[in-house]
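Below, each chain spelled out in residue letters.
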Amino acid sequence: MTTAEFKSRHIGPRDSEIQQMLDVIGVSSIEELINKTVPSNIRLDRELNVPKAMSEFQFIKHLKELGGKNKLYKSYLGLGYHGTKLPGVIQRNILENPGWYTAYTPYQAEIAQGRLEALLNFQTMVTDLTGMEIANASLLDESTAAAEAMAMFYSSRSKDAKKNEANQFFVSQEVLPQTISLLQTRAEPLDIELVIGDHQTFEFTNKVFGAIVQYPAMNGEVYNYKSFAEKVKNNDAFLVVAADIMSLAILEAPGQWGADAVVGTTQRFGIPMGYGGPHAAYFATKEEYKRNIPGRIIGVSVDASGNRALRMALQTREQHIKRDRATSNICTAQVLLAVMSGMYACYHGAEGIKAISTNIHRYANALSVKLSELGFKNLNTDFFDTIQVDTAKYTADQIVAAALIAEINIRKVDESTVSISLDETVELDDLNELLHVFAKLVGSDITISRDEIGPISIHESIQRTTPFLTHEVFNQYHSETDMMRYIKSLENKDLSLTHSMIALGSCTMKLNAASELFALSWPEFNNLHPFVPVDQAEGYTIMLHNLERYLSEITGFAQTSLQPNSGAQGEYAGLMVIRAYHMDRGDHHRNVALIPSSAHGTNPASAVMAGMKVVVVKCDERGNIDVADLKEKAEKYSDELSCLMITYPSTHGVFESSVKDITKIIHENGGQVYMDGANMNAQVGLTNPAEIGADVCHLNLHKTFAIPHGGGGPGMGPIGVAAHLAPFLPTNPVVSTGGDKAITAISAAPFGSALVLTISYAYIRMLGAVGLRNSTEFAILNANYMRVLLEEKYDVLYKGENGFVAHEMILDCRGFKAKSGIEVVDIAKRLMDYGYHAPTVSFPVGGTLMIEPTESESKKELDQFIKAMLSIYSEIESIENGIADKQNNVLKNAPHTLNEVVSENWDYPYTRTRAVFPLSYIQVNKFWPSVKRVDDAYGDRNLICSCAPIQDYEEPVLSE
């Protein structure tokens with residue numbers, strides 16, 4: 001091992017173990033393994049053309065140099081992004097803590113109670129501030145949330161509205177430009193007509209099904225929307241309000257004056273701007289739409305002992321179940337950011353949040369007064385944090401230029417107007433520096449003293465009168481000691497990569513190296529507003545350009561767009577680019593998407609959102625695409641064929657040797673090939689999407705390229721495209737991106753969640769070409785090592801032509817039920833007693849486990865997981881042989897908690913040791929599930945999605 005080589009830290013197996021693993025598999029070398037796994041006709045014949053690997057030390061120095069090229073001017077640009085103060089206790093204990101950022105989406109609720117509680121806090125915070133009845137556990141960004149609201153209400157139209165073919169959605173001209181752009185993207189393929197105008201003069205017709213307004217408006221004015229809300233209601237339409245959550249501490253909650261849904265971002269609650277993200281958007285609505293809400297909802301239920309337990313509620317709404325009937329393709333959230341913003345609310349409480357909000361407004365008011373004294377009139381009557389300034393005898397360009405000299409950014413509205421938006425970071429000195437820009441122009445030395453910071457000046461009719469954040473959780477952790485302990489108490493309930501391997505198939509839970517994450521906390525990267533002049537983001541520009549180039553090289557494509565900020569967004573972006581390509585050629589009729597039956601549920605959901613008709617292609621008994629069926633359907637729909645959506649290696653974990661034949665069939669029939677990049681961790685450096693014949697693919701940077709899953713977000717889903725699709729890559733209305741025939745925005749920010757792109761950049765730069773290829777090879781090595789040893793007891797459902805799997809495998813657990821009554825969910829819950837998160841359950845085949853170990857796990861960890869699985873198999877055999885009871889056994893009763901183990905009563909027909917220490921390694925470092933098996937059905941029947949009284953949090957009383 002070379003200590004300076006990052007790849008030796010990233011890849012798990014040691015050099016001395018490799019031959020042992022190869023011997024188990026039955027091959028002589030890694031090269032032979034790869035030759036027998038990856039079809040020769042798609043193999044690359046060269047190394048990737050990316051820079052030579054850097055050591056961690058070299059890379060940190062390099063990234064610091066790039067960060068130094070970014071200019072940290074004071075930005076008052078607004079438009080949905082604001083400076084914040086992230087409390088140190090949250091930064092150190094959540095953002096920089098692998099116990100939080102390496103956890104997976106909380107599908108296994110029993111080992112995720114900590115972040116489930118944190119997300120419940122987030123939902124409660126949102127419903128309190130918005131005045132709505134129910135909220136989800138976050139969305140990707142404010143603009144996406146607005147588009148999701150539009151789509152939700154379009155699908156929720158009344159019978160009369162559908163009969164009238166109501167397809168118009170009113171959009172206030174004061175909605176943020178990036179939101180309008182994204183609404184345009186989402187509306188067009190669904191045949192929704194956007195009507196953009198002035199809400200004060202707009203007249204409804206029976207063709208209008210909904211409307212959206214900004215609160216406060218983009219120009220800063222706080223309108224009293226009550227009469228408009230009444231007009232919306234009287235016309236049987238839905239009202240969406242995009243609201244600044246910080247303003248809601250002093251402005252009347254939209255739920256009080258008629259909103260049907262309130263959306264926005266919680267970025268102002270302590271989350272750095274990060275040149276655009278990641279940030280947690282929020283989505284709140286009325287109880288009656290609970291089964292229509294996009295994204296995830298955390299709800300309260302009970303466990304098998306009747307104790308309070310949290311879990312993800314109403315999961316039958318999710319796209320992987322509804323597939324082409326889904327109204328949204330959202331399959332992730334921004335959990336880590338939602339947790340942080342929720343903790344910000346817990347730390348400050350209602351009084352603190354109101355004080356921060358009030359202070360922002362008072363400073364804006366004081367600035368407005370002083371500017372008026374200088375002859376610069378504020379055009380807004382009621383405002384929260386943003387003033388629109390008439391530039392008097394000066395041009396807006398002159399004012400902006402003068403501000404830039406002082407290293408201040410303000411926004412030009414038009415030739416005679418500038419906009420200034422304040423935030424919680426503004427101190428009195430900042431205010432005076434800003435005032436000095438204007439004072440200097442007119443030869444004045446006027447300043448603002450602290451005594452001149454006046455009271456709230458917003459009209460009483462729009463001031464908040466209702467309480468918020470009244471729950472105990474927001475009122476008892478206001479010292480750093482208490483907050484630190486609360487965060488730690490939640491972390492201790494959750495299993496993450498800090499405990500053990502998380503072998504989730506199709507999820508790639510690899511190492512998120514500490515050195516890859518440093519930049520997240522560096523001001524030179526996290527404090528940049530996404531709409532600063534490009535010359536202030538030179539370091540970012542270089543990094544992003546290089547990352548685009550590296551990803552294009554890795555995929556074999558001509559260009560890459562970094563804008564999509566999740567895998568599902570990447571899917572949608574890729575399909576919209578294909579749609580635009582066909583439209584540009586006059587092929588408006590090409591709207592059929594062929595999708596294999598094994599595809600992830602986001603594929604059909606994304607296709608429907610992109611205005612396509614889904615036609616399912618069969619898979620054969622070996623899990624491969626049925627080429628004959630594909631050919632038949634491609635030819636049948638040749639005049640209408642838009643694309644094929646394919647995952648490669650397949651969702652079944654196999655490299656299909658017929659892939660080039662498959663893509664050729666599609667091209668011969670006028671279609672394009674979209675490749676889902678979920679399994680790219682088996683391709684990098686060995687083959688690529690272009691080599692197999694794809695035209696576009698998305699990449700899950702939170703899988704293959706080391707961005708942490710964060711307990712369910714953030715993620716990034718950039719797309720790579722062939723040259724003929726490059727002109728259609730998405731743009732942004734504020735910072736131009738994409739091609740010369742660009743589609744409108746996919747995400748709110750030009751480069752999506754740009755801050756976390758530093759992680760994938762680090763990953764590529766520190767691994768280099770050889771390290772990237774080695775990572776793929778070891779992912780395949782680890783998977784096949786596990787396959788051979790697990791095959792002794794479990795059936796591996798699908799294998800390639802030579803008997804090997806790619807980077808993951810599917811274990812068939814369906815046969816156990818008939819003999820023992822054991823189902824796959826019982827195995828999943830029993831694994832918790834062994835200290836493991838279950839592999840992917842019942843996807844893509846019901847009753848199975850899909851295992852993906854990744855390249856980062858050591859042989860020791862693989863062996864330990866294998867021992868756990870074999871031990872569970874012996875427990876199932878005990879049931880089959882009549883030694884253990886079919887109903888009352890260690891699997892059916894799993895997981896077992898500390899509370900029941902230390903209880904005086906033990907009513908099980910097996911020992912405590914058998915329950916919680918079935919193998920010796922567990923005794924050394926036991927992870928205890930904090931609740932027993934959660935009752936999902938109870939939670940859905942009794943839906944509670946906000947915080948309960950504090951008494952419910954008390955530990956259960958031990959039995960006598």
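Residues numbered from 1 in each chain as written. Predicted model: local features only at pLDDT ≥ 70, side-chain atom pairs only at ≥ 80, totals over all residues. Heavy atoms only, no water.

This next bit is on the pattern of salt bridges. This model, assessed by the stated rule, comprises 42 salt bridges. Residues Arg-311 and Asp-936 are paired through a salt bridge, measuring 3.4 Å at the closest nitrogen-oxygen approach. One end of the pair, Arg-311, is in strand 10 (residues 308-313); the other, Asp-936, is in helix 31 (residues 936-941), with 625 residues separating them in the sequence. Arg-311 sits in the buried class, given a relative accessible area of 2%. Linked by salt bridges that have partners in common, Arg-830, Asp-833, Glu-875 and Arg-914 make up one network. (Salt bridge = Lys/Arg side-chain N within 4 Å of Asp/Glu carboxyl O. Helix = DSSP H or I, 4+ residues; strand = E, 2+ residues; numbered from the N terminus. Buried < 20%, exposed > 50% of the residue type's maximum accessible area, 1.4 Å probe, protein only.)

One open sheet holds the seven strands; their spatial order is 2-8-7-6-5-3-4, and the pairing between them is mixed. Both outer strands of the open sheet, strand 2 (134-135) and strand 4 (193-197), are each paired with one neighbouring strand and no more. As defined by bridge partners, strand 3 (residues 168-172) adjoins strand 4 across five bridges and the pair is classed as parallel. Note on strand 4: the bridge partner recorded for Phe-170 is Val-195. Sitting on the sheet, helix 7 (residues 113-130) touches strand 2, strand 7 (261-265) and strand 8 (281-285), and the angle it makes with strand 8 is about 60 degrees. Of the strands in this sheet, strand 3, strand 5 (208-215) and strand 6 (238-243) touch helix 11 (residues 226-234), which is tilted by about 145 degrees from strand 6. (Pairing = 2+ DSSP bridges. Contact = heavy atoms within 4.5 Å. Axes fitted to C-alpha atoms, helices over the stretch in contact; angles between N-to-C directions.)

Turning to the UniProt feature "domain: Glycine dehydrogenase C-terminal" (unreviewed entry) in the protein, a few remarks are in order. Cross-referencing UniProt, the feature "domain: Glycine dehydrogenase C-terminal" (unreviewed entry) maps to residues 775-896 in the present numbering. Counting secondary structure, residues 775-896 comes out at 43% helix and 10% strand; the distance between its end C-alpha atoms is 36 Å. (UniProt positions renumbered as here; feature names shortened; annotations may be inferred.)

This next bit is on the packing of helix 22 (residues 627-636) against helix 23 (residues 659-668). It is the contact of helix 22 with helix 23, at a shortest axis distance of 9 Å, that shows an interaxial angle of 10 degrees. By the angle between their axes, helix 22 is roughly parallel relative to helix 23. Touching Val-627, Leu-630, Lys-631 and Ala-634 of helix 22 are Ile-662, Ile-665 and Ile-666, all from helix 23. Its residues placed into classes, the contact of helix 22 with helix 23 shows six nonpolar, no polar and one charged. (Parallel < 35°, antiparallel > 145°, perpendicular 65-115°, else oblique. Nonpolar A, V, L, I, M, F, W, Y, C, P; charged D, E, K, R; others polar.)

Looking now at the UniProt feature "modified residue: N6-(pyridoxal phosphate)lysine" (unreviewed entry) in the protein. As recorded in UniProt, the sites labelled "modified residue: N6-(pyridoxal phosphate)lysine" (unreviewed entry) are Lys-703. Position of Lys-703 relative to the elements: it lies in the loop between strand 20 (696-698) and strand 21 (719-721). Dropping the residues within four chain positions of it, Lys-703 is found in contact with Ser-506, Cys-507, Thr-508, Lys-510, Ala-678 and His-709.

What follows covers the packing of aromatic side chains. Centre distance and the angle of the planes are the two values used to describe a pair of aromatic rings. Evaluated as defined, the whole model comprises 36 aromatic pairs. Taking the centre distance of 5.7 Å and the plane angle of 90 degrees together, the rings of Tyr-81 and Phe-531 count as edge-to-face. Linking Tyr-81 in the loop between strand 1 (74-75) and helix 5 (88-95) with Phe-531 in the loop between helix 18 (523-526) and helix 19 (538-555), this pair joins segments that are 450 residues apart in sequence. Grouping residues by exposure puts Tyr-81 and Phe-531 together as buried. Geometrically, the ring pair formed by Tyr-477 and Tyr-486 is stacked, given 4.1 Å between the ring centres and 10 degrees between the ring planes. (Phe/Tyr/Trp six-rings, centres within 6.5 Å; stacked < 30°, edge-to-face > 60°.)

The next subject is the domain arrangement of the protein. If you check the domain split of the protein, you get domain 1 (103-347) and domain 2 (533-767). Put simply, the middle of domain 1 and the middle of domain 2, counted by C-alpha atoms, are 26 Å apart. Facing 39 residues of domain 1, the contacting portion of domain 2 comprises 47 residues. Roughly 3300 Å² of surface becomes buried between domain 1 and domain 2 when both sides are summed, with 60% attributable to carbon and sulfur atoms. Summed over the shared surface of domain 1 and domain 2, the number is one salt bridge. Remark: the boundary between domain 1 and domain 2 carries 15 residue pairs in polar contact (both at pLDDT 80 or more). Put simply, the parts of the chain that give the side of domain 1 that touches domain 2 at least two residues each are helix 8 (142-155), helix 10 (177-187), helix 12 (319-322) and helix 13 (335-373). Counting residues per element, the side of domain 1 that touches domain 2 draws most heavily on helix 10, which supplies seven residues. Across the side of domain 1 that touches domain 2, the residue classes break down as 16 nonpolar, 17 polar and six charged. (Domains from an automatic or database assignment. Buried area = accessible area lost by both parts, 1.4 Å probe. Polar contact = N/O pair within 3.5 Å; in protein donor to acceptor, adjacent residues only side chain to side chain.)

Take the pairing of strand 5 next. Of all the eight residues making up strand 5, eight are buried; the element is thus mostly covered by neighbouring parts of the structure. In the sheet, strand 3 pairs with strand 5 via four bridges, with the strands oriented parallel. Bridge pairing links Phe-170 to Ala-211 in strand 5. Pairing between strand 5 and strand 6: six bridges, direction parallel. The partner of Gly-210 across the bridge, within strand 6, is Phe-238. Where the polypeptide runs from strand 5 across helix 11 and back to strand 6, its parallel neighbour, the crossover connection is right-handed. (Right-handed = clockwise from strand over helix to strand, strands pointing away.)

If you walk across this open sheet you meet the seven strands as 15-21-20-19-18-16-17, and the pairing is mixed. The outermost strands of the open sheet, each flanked by one partner alone, are strand 15 (559-561) and strand 17 (613-617). Each strand axis lies, on average, 25 degrees off the axis of its neighbour in the sheet, ignoring direction. In this sheet, strand 21 lies alongside strand 20 in antiparallel orientation, the contact comprising three bridges. Along strand 21, the bridge assignment pairs Cys-697 with Gly-720. Docked against the sheet, helix 21 (residues 602-609) engages strand 16 (592-596), strand 17, strand 18 (641-647) and strand 19 (672-676), running at close to 175 degrees with respect to strand 16. Across the face of the sheet, helix 22 comes into contact with strand 16, strand 17 and strand 18 while running at roughly 150 degrees to strand 17.

Mapped onto the fold, Asn-235 is located in the loop between helix 11 and strand 6. Between the C-alpha atoms of Asn-235 and Met-483, which are 248 residues apart in sequence, the distance is 48 Å. Not counting chain neighbours up to four residues away, the residues in contact with Asn-235 comprise Phe-204 and Val-208.

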